Amino acid sequence: MNKIDDLELGYMHVKDITKEAKGLSYPIVDIQVKLISLAETYNLEKEMEDYLDIVRDKAHKLESAFFECQAVFEDAIREEVYREDES
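Residues numbered from 1 in each chain as written. Predicted model: local features only at pLDDT ≥ 70, side-chain atom pairs only at ≥ 80, totals over all residues. Heavy atoms only, no water.

Attention shifts here to the overall build of the protein. Assigned secondary structure in the protein consists of four helices and zero strands. Ordered by position in the sequence, the α and β elements of the protein form the string α-α-α-α. Overall, the protein is about 70 × 20 × 10 Å in size when its C-alpha atoms are taken along their principal axes. Classification of the 87 residues of the protein by burial places 17% in the buried group. Sequence-distant contacts in the protein: of pairs separated by 6 or more residues, those separated by 24 or more amount to 74%. If you sum the accessible surface of the protein, you get close to 6,800 Å²; carbon and sulfur atoms cover 59% of it. (Helix = DSSP H or I, 4+ residues; strand = E, 2+ residues; numbered from the N terminus. Buried < 20%, exposed > 50% of the residue type's maximum accessible area, 1.4 Å probe, protein only. Contact = heavy atoms within 4.5 Å. Areas by Shrake-Rupley, 256 points an atom, 1.4 Å probe, with all protein chains shown as cover.)

Laid out in structure tokens, this is it:
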């Protein structure tokens, strides 16, 4: 197996791992539901929604950040292909 094949195998593994970031949304949604339900009890749902918008934004950024980790392997593969083309 050459270095590119090895890196591509690693890339497949990193994609499998980063897919787990999708699962982060489930506990976040559960907490959001609990918070909005409590806020509704006290007629504070609008105020709570404003804060939960911030949570949604941060959760999305966190998920995206995990997927950006794939770039480590993408960059390494691209560099190795370039290095082989130069040889």
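This paragraph deals with the packing of helix α2 (residues 25-41) against helix α3 (residues 45-68). Contact geometry for α2 and α3: axes closest at 9 Å, N-to-C directions at 170 degrees. With respect to α3, the element α2 is oriented roughly antiparallel. Residue-level inspection shows I28, Q32, L35, I36, A39 and E40 of α2 in contact with α3, the latter providing E45, M48, E49, L52, V55, R56 and A59. A breakdown of the residues in the contact of α2 with α3 according to their chemical character gives eight nonpolar, one polar and four charged. (Axes fitted to C-alpha atoms, helices over the stretch in contact; angles between N-to-C directions. Parallel < 35°, antiparallel > 145°, perpendicular 65-115°, else oblique. Nonpolar A, V, L, I, M, F, W, Y, C, P; charged D, E, K, R; others polar.)

Now for the nonpolar core. A general trend in soluble globular proteins is that nonpolar side chains are found buried together. If you look at the biggest cluster of nonpolar residues, it comprises five residues: I4, L7, Y11, V14 and I77. Broken down by element, the residue count for this core peaks at four residues, all from helix α1 (residues 3-18). (Core = buried A, V, L, I, M, F, W, Y, C linked by side-chain atoms within 4.5 Å.)

This part is about the side chain of T18. Looking at the secondary structure, you find T18 in helix α1. Exposure remark for T18: the relative accessible area of 5% places this residue in the buried category. Within the structure, the side chain of T18 is placed 2.7 Å from the side chain of Q70, a separation counted as a polar contact. (Polar contact = N/O pair within 3.5 Å; in protein donor to acceptor, adjacent residues only side chain to side chain.)

The analysis is restricted to geometry; functional conclusions fall outside its scope.
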